[in-house]
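For reference, the chains in residue letters:
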Amino acid sequence: MVEHRICSFCGDPIEPGTGTLYIKKTGKQFAFCSSKCQKNMIDLDREPRYQEWTRHHEKGETQG
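Rules behind the numbers
- Residue numbers run consecutively from 1 along every chain, following the written order of its sequence.
- Owing to the predicted nature of the model, reporting of local features is limited to residues with pLDDT of at least 70; listing and counting of side-chain atom pairs is limited to 80 or more, with chain, interface and lining totals taken over all residues.
- Processing note: side-chain calculations cover all non-hydrogen atoms of the structure and skip hydrogens and water entirely.
- Pairing of aromatic side chains requires ring centres within 6.5 Å, counting the rings of Phe and Tyr and the six-membered ring of Trp. Pairs whose planes differ by under 30 degrees are stacked, by over 60 edge-to-face, and all others tilted.
- Buried residues are those whose accessible area, probed at 1.4 Å on protein chains only, stays under 20% of the maximum for their type, while exposed residues exceed 50% and partly exposed ones sit between those limits.
- Criterion for a disulfide: a pair of cysteine sulfur atoms within 2.5 Å.

Draft legend 1. Layout of the packing of aromatic side chains. If you walk through the whole model with that rule in mind, you get 1 aromatic pair. Relative to F32, the ring of F30 lies with its centre 6.2 Å away and its plane at 20°, an arrangement referred to as stacked. Of the two residues examined, F30 and F32, each falls in the buried class.

In structure tokens:
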């Protein structure tokens, strides 16, 4: 049985056999569909709800 994953940053489904699985030293796992999502979450420490291209973006919220 193939396990289906959802991207930890943008919320898009990840096709089996693609994407990246990032595991922290604490044991927490993150699944990313692209290097764009991985860089935004890990390297740049951005919140998905403030990025308009993610599914986690809250409509109508100001970035103040």
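Draft legend 2. Layout of the state of the cysteines. Here the structure, examined in full by the defined rule, presents 0 disulfides. With no disulfide of its own, C7 lies closest to C10 among cysteine sulfurs, the gap being 3.6 Å. What makes C7 buried here is its relative accessible area of 2%. For C33, which is in no disulfide, the shortest distance to another cysteine sulfur is to C10 and amounts to 3.6 Å.

Fair warning: the whole summary comes from geometry, so function is off the table for now.
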